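# Results of the structural survey
Residue-level listing of the chains:
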Amino acid sequence: MWKYLHRLSSLKYCYEWSGKWVPWLLGVTAVLMLVGLYWGLLVAPTDYQQGESYRIMYIHVPSAWMSMFVYAVMAGAGFVALVWKTKLSEIIVSECAVIGAMFTALALITGMLWGKPTWGTYWLWDARLTSELILLFLYFGIIAIHSVIEEPRTAGRVASILAIIGIINIPIIHYSVTWWSSLHQPNMQLVSKTPSVHPSMLYPLLVMAVAFQMYFVSLLFIRMRNEILYRERLTKWVKKALAGH
Amino acid sequence: MQELLILDGKGFYVWSAYAITMISLVVALVSASMRKKKIIKEIDESLEQ
């Protein structure tokens with residue numbers, strides 16, 4: 001197990017095996033995304049309270065889930081980077097920051113576009129919205145660390161510390177609608193005898209959620225491979241790998 | 001078709017949200033792929049020197 005993990009953390013090995021997975025992941029992402037979009041936009045019934053605007057849910061909810069999931073992955077990689085000092089986990093931290101910032105920004109923007117027809121306003125300083133905005137600033141902080149500190153190993157360590165400290169914001173986002181009175185709707189009850197969303201609306205949401213997950217892994221692998229290539233550009237294996245291009 | 005675009009008067013919000021999301025996802029993928037080409041070009045140039 002440890003031997004396999006040690007091998008997995010080798011930049012050369014990671015570059016090679018992730019390259020094999022990328023085309024398959026992108027293919028699955030494209031198929032799931034098309035199915036989810038068709039199902040959510042054209043097949044799922046109209047909501048009896050919100051009308052058609054609820055269809056924003058099919059991109060807003062997966063974006064919001066991913067904004068928190070990517071942060072958890074980043075903090076986990078940050079922990080590994082600090083304890084075992086692996087270059088790969090430092091790369092994961094830096095690449096997750098960019099992807100996570102994108103998902104968080106999308107969650108906020110689509111939420112604003114959903115909020116206007118539902119609440120009558122694009123923004124309010126609600127606990128859920130504010131804690132999600134803080135998450136975006138945490139991602140920006142980690143991106144800024146990598147831009148300001150030139151030495152990648154030092155930047156990796158500092159960014160990992162911030163990523164671990166910032167994890168406290170994730171349960172705050174999740175439970176914000178329970179702990180404080182909020183205009184935002186409560187968390188969905190998916191695993192329950194009586195789910196809060198009807199299956200005809202729930203299934204396309206789950207398809208989109210898996211599509212977003214696959215997209216995240218695809219983009220992470222592509223960005224990781226770029227960074228590995230750049231950091232290892234003076235090594236023999238990179239020159240050998242590029243000789244075949 | 002017109003009904004689908006208008007979406008009960010909420011078409012602007014729904015289609016804007018979908019357009020922003022899909023464009024962002026595609027641009028992020030394309031820019032990552034283009035960065036690889038740029039890095040390879042840089043490495044090739046440094047090897048030639």
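Heads up: the structure comes first, above all this text.
The model shown is predicted, which means the values in this text are computed figures rather than measured ones.

Let's shift gears to the overall build of chain B. Within chain B, the regular secondary structure consists of two helices and zero strands. Buried positions account for 33% of the 49 residues belonging to chain B. When the accessible surface of chain B is summed, it comes to about 3,400 Å², and 62% of that surface belongs to carbon and sulfur atoms.

Residues and elements named next belong to chain A. By the secondary structure assignment, I142 is in helix α5 (residues 127-148). By relative accessible area, which is 0% here, I142 ends up buried. Every residue in contact with I142, bar those within four places of it in the chain, is listed here: Y71, M74, V93, A97, A159, L162 and A163.

Looking now at helix α7 (residues 169-179) of chain A. Residue and element names in this part refer to chain A. Along α7, the positions that sit buried rather than exposed are N169, I170, I173, S176 and V177. When α7 is viewed along its axis, its buried side chains cluster within an angular range of 140° and face the same direction. In α7, the exposed positions that point more than 90 degrees away from the buried face belong to T178 and W179.

For the rest of this paragraph, the subject is the interface of chain A and chain B. Facing the 39 residues of chain A at the interface are 27 residues of chain B. Both faces combined, the contact of chain A with chain B buries some 2,900 Å², and carbon together with sulfur accounts for 79% of it. Counting across the chain A and chain B interface gives one salt bridge. Between B:R35 and A:E227 there is a salt bridge, and its shortest N-O distance comes to 3.5 Å. If you list the elements that add at least two residues to the side of chain A that touches chain B, you get α2 (11-43), α3 (57-84), α4 (87-119), α8 (199-231) and α9 (236-243) of chain A. Ranked by residues supplied to the side of chain A that touches chain B, first place goes to α8(A) with eleven residues. When the residues that make up the side of chain A that touches chain B are grouped by side-chain class, the tally is 25 nonpolar, six polar and eight charged.

All names here are of chain A. On the surface, a nonpolar cluster with roughly 750 Å² of combined accessible area is contributed by W2, Y4, L5, F79, V83, W84 and I164. Looking at the nonpolar patch, the elements that each hand over two or more residues are α1 (2-8) and α3. Along the chain, the position of F79 falls in helix α3. Taking relative accessible area as the criterion, F79 reaches 46% and is therefore assigned partly exposed.

Attention shifts here to the nonpolar core. Residue and element names in this part refer to chain A. The biggest cluster of nonpolar side chains holds 79 residues, and the ones touching the most others in it are Y58, Y71, M74 and F103. When residues of this core are assigned to their parent elements, the largest contribution, 15 residues, is made by α8. In this view, M74 contacts V93, C96, A97, Y139, I142 and A163; residues no more than four positions away in its chain are not counted.

Calculation rules
Residues numbered from 1 in each chain as written. Chains lettered and ligands numbered in written order. Predicted model: local features only at pLDDT ≥ 70, side-chain atom pairs only at ≥ 80, totals over all residues. Heavy atoms only, no water. Helix = DSSP H or I, 4+ residues; strand = E, 2+ residues; numbered from the N terminus. Buried < 20%, exposed > 50% of the residue type's maximum accessible area, 1.4 Å probe, protein only. Areas by Shrake-Rupley, 256 points an atom, 1.4 Å probe, with all protein chains shown as cover. Contact = heavy atoms within 4.5 Å. Arc of directions from axis to C-beta. Buried area = accessible area lost by both parts, 1.4 Å probe. Salt bridge = Lys/Arg side-chain N within 4 Å of Asp/Glu carboxyl O. Nonpolar A, V, L, I, M, F, W, Y, C, P; charged D, E, K, R; others polar. Patch = residues over 30% accessible without salt bridge, like charges linked within 9 Å, V, L, I, M, F, W, Y side chains within 5 Å. Core = buried A, V, L, I, M, F, W, Y, C linked by side-chain atoms within 4.5 Å.

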